[in-house]
Amino acid sequence: MPRTARDVVFVDGVRTPFGKAGPKGLYAETRADDLVVRAIRELMRRNPSLPPERVDEVAIAATTQTGDQGLTIGRSAAVLAGLPKSVPGYAIDRMCAGAMTAVTTSGAGISFGSYDVVIAGGVEHMGRHPMGEGVDPNPRFLADRLVDPSALVMGSTAENLHDRFPQITKERADAYAVRSQQRTAAAYAAGKVQPDLVPTAIRSAEKGWGLATADEPPRPGTTVDDLAKLKTPFRVHGNVTAGNAAGLNDGATACLLAAEDVARDLGLAPRMRLVDFSFAGVEPEVMGVGPVPATERLLARNGLTMDDIGLIEINEAFAVQVLAFLEHFKIADDDARVNPWGGAIAVGHPLASSGVRLMNQLSRLFEERPDVRYGLTTMCVGMGMGGTVLWENVNWEGTK
């Protein structure tokens, strides 16, 4: 029997505060699976009209799927979170776009009719599992000259972007990074970020038990002069520093997706509607340009231009990567549509979890901006990819 595609909505999203990776970070002695379990439990607590048995799937991403991020993290997190044993789960890996892919893959299942309600998200504990841990790249990558050696080092790919776009100077990158810190600080001061942060229990040998209630990485008060003094670890006299790139972080995200008619039947209030998504590949050496072709394809397929997009949440893996995207679409470095509450340079980028952080933020912005119909969440992905998701504001005043 032919099936009719159903509208898919983003109902709710939460995340743990993001911590700094390492022995002194918030989550140094906290398990990765416990982070994502905390997010799932909070998601269910905040949506009491959703019977747990109505969750049809749990899709959780992790880039380094080993140790406490292994064991089919979607299924193991579902069981640990107390969902019925009848609820299945699975793990996803698309590096930085893991949670984004968890949403698009499970969302497609909802549209097709295979699911009604799904939990999707991601987790990354870079302190316990550094990027690349246990990886064994095939020697043919280099022996057959399939990629340049720099393609395997994300910071080096960012330096390559500066080479490709010499007009994107270190000074521009530093100025963008400072703006991200300023916007994040302003958003925190206005109480914009806190509603979706899940207070998370933490423990250390020195201080005992505690509670993480805010992101650890932000550096409010950072200036361009501060950033100018930082070292360039990926190239002598280079452009990429710890100040104009996202840090190494720990954290988890989770969101609730549903068919729009099911959501309303269950008393769940949608925040935004999934319109379409696109992933694209680029040269691994300049993986940061990945969002450009992914976004071009998406806009063309939907008969839209960038002028139709009122809000853009782009992951700030590196300032140069964001600036390359903005320059391609002729968007000003300080355009108010782009990351109005700051981004990953300030709050952090726990790899596979970040896609849902972008969605959380966009959905909150939509609530405040009924004049905006369409928004994007977009990010670059290691090994030369980009992903973009197009969302429609359910509160758009044009529908009233």
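Conventions used here
- Residues numbered from 1 in each chain as written.
- Predicted model: local features only at pLDDT ≥ 70, side-chain atom pairs only at ≥ 80, totals over all residues.
- Heavy atoms only, no water.
- Patch = residues over 30% accessible without salt bridge, like charges linked within 9 Å, V, L, I, M, F, W, Y side chains within 5 Å.
- Areas by Shrake-Rupley, 256 points an atom, 1.4 Å probe, with all protein chains shown as cover.
- Salt bridge = Lys/Arg side-chain N within 4 Å of Asp/Glu carboxyl O.
- Helix = DSSP H or I, 4+ residues; strand = E, 2+ residues; numbered from the N terminus.
- Buried < 20%, exposed > 50% of the residue type's maximum accessible area, 1.4 Å probe, protein only.
- Phe/Tyr/Trp six-rings, centres within 6.5 Å; stacked < 30°, edge-to-face > 60°.
- Lys NZ or Arg CZ within 6 Å of the ring centre and 35° of its normal.
- UniProt positions renumbered as here; feature names shortened; annotations may be inferred.
- Disulfide = S-S within 2.5 Å.
- Core = buried A, V, L, I, M, F, W, Y, C linked by side-chain atoms within 4.5 Å.
- Contact = heavy atoms within 4.5 Å.
- Pairing = 2+ DSSP bridges.
- Axes fitted to C-alpha atoms, helices over the stretch in contact; angles between N-to-C directions.
- Parallel < 35°, antiparallel > 145°, perpendicular 65-115°, else oblique.
- Nonpolar A, V, L, I, M, F, W, Y, C, P; charged D, E, K, R; others polar.

### Looking at a nonpolar patch on the surface
On the surface, a nonpolar cluster with roughly 370 Å² of combined accessible area is contributed by L142, L152, V153, F234 and M383. Mapped onto the fold, F234 is located in the loop between α7 (224-228) and β8 (249-259). For F234, a relative accessible area of 38% gives the class partly exposed.

### Some points on the pattern of salt bridges
Oppositely charged side chains can pair when the atoms bearing their charge come close. One pass over the structure, following the stated rule, counts 29 salt bridges. For E367, the salt bridge identified is with R271, shortest N-O distance 4.0 Å. Of the two residues, E367 is situated in helix α12 (residues 354-368) and R271 in the loop between α8 (260-265) and β9 (272-281); the sequence distance between them amounts to 96 residues. Overall, R271 belongs to the buried group, its relative accessible area being 5%. Bridged by salt links that share partners, the residues D12, R46, D196, R271, R364 and E367 form one connected network.

### A closer look at the packing of aromatic side chains
Using the criterion set out here, one finds three aromatic pairs in the structure. Ring geometry for F277 and F279: centres 6.2 Å apart, planes at 65°, overall edge-to-face. Looking at F279, the relative accessible area reads 18%, which means it is buried. Ring geometry for F325 against F329: centres 4.9 Å apart, planes inclined by 55°, an arrangement best described as tilted. Like F325, the residue F329 is buried in the burial classification. In this arrangement the basic side chain of R15 is found over the ring face of F18, its NZ or CZ atom lying 4.4 Å from the centre. Taking the ring centre of F279 as reference, the NZ or CZ of R94 above it sits at 3.7 Å.

### Some points on the UniProt feature "domain: Thiolase N-terminal" (unreviewed entry) in the protein chain
As annotated in UniProt, the feature "domain: Thiolase N-terminal" (unreviewed entry) corresponds to residues 8-261 in the numbering used here. Between the end C-alpha atoms of residues 8-261 the distance is 9 Å, and the span holds 31% helix and 19% strand.

### Digging into the state of the cysteines
Overall, the coordinates contain zero disulfides when judged by the stated rule. As a non-bridged cysteine, C96 has C380 as the owner of its nearest cysteine sulfur, 6.1 Å distant. Exposure remark for C96: the relative accessible area of 8% places this residue in the buried category.

### Structural notes on the nonpolar core
By size, the foremost hydrophobic cluster in this structure holds 79 residues, and its most contacted members are I40, V58, I119, V123, M359 and W391. When residues of this core are assigned to their parent elements, the largest contribution, eight residues, is made by helix α1 (residues 32-45). Apart from the residues lying within four places of it in its own chain, the contact partners of M359 are F10, M100, V103, M272, T377, V389 and W391. Core analysis: the second largest hydrophobic core is formed by 40 residues, A158, V240, V282 and A317 among them.

### A word on the environment of N302
Within the fold, N302 resides in the loop between α9 (291-301) and β10 (309-314). Of the residues examined, N302 reaches a relative accessible area of 28% and is grouped as partly exposed. When the C-alpha atoms of N302 and V275 are compared, they prove to be 8.8 Å apart, with 27 residues separating the residues in sequence. Setting aside its immediate chain neighbours within four residues, N302 contacts V275, D276 and L390.

### Overview of the pairing of strand β5 (residues 117-125)
With nine of nine residues buried, β5 lies mostly within the body of the structure. Here β5 shows no split at all, with V117, I119, G121, V123 and H125 on one side and V118, A120, G122 and E124 on the other all buried. Here strand β3 (residues 57-61) pairs with β5 via five bridges, running parallel. Pairing of I60 across the sheet is with G121, part of β5. Of the pairings in the sheet, the one linking β5 to β8 comprises nine bridges and is antiparallel in character. Within β8, the position partnered with H125 by the bridge is D250.

### As for the packing of helix α6 (residues 170-189) against helix α10 (residues 319-328)
Interhelical geometry of α6 versus α10 gives an angle of 100° and a closest axis separation of 9 Å. Here α6 lies roughly perpendicular to α10, going by the angle between them. Together, R172, A173 and Y176 of α6 and A319, V322, L323 and E327 of α10 make up the contact between the two elements. Of the residues belonging to the contact of α6 with α10, the class tally is five nonpolar, no polar and two charged.

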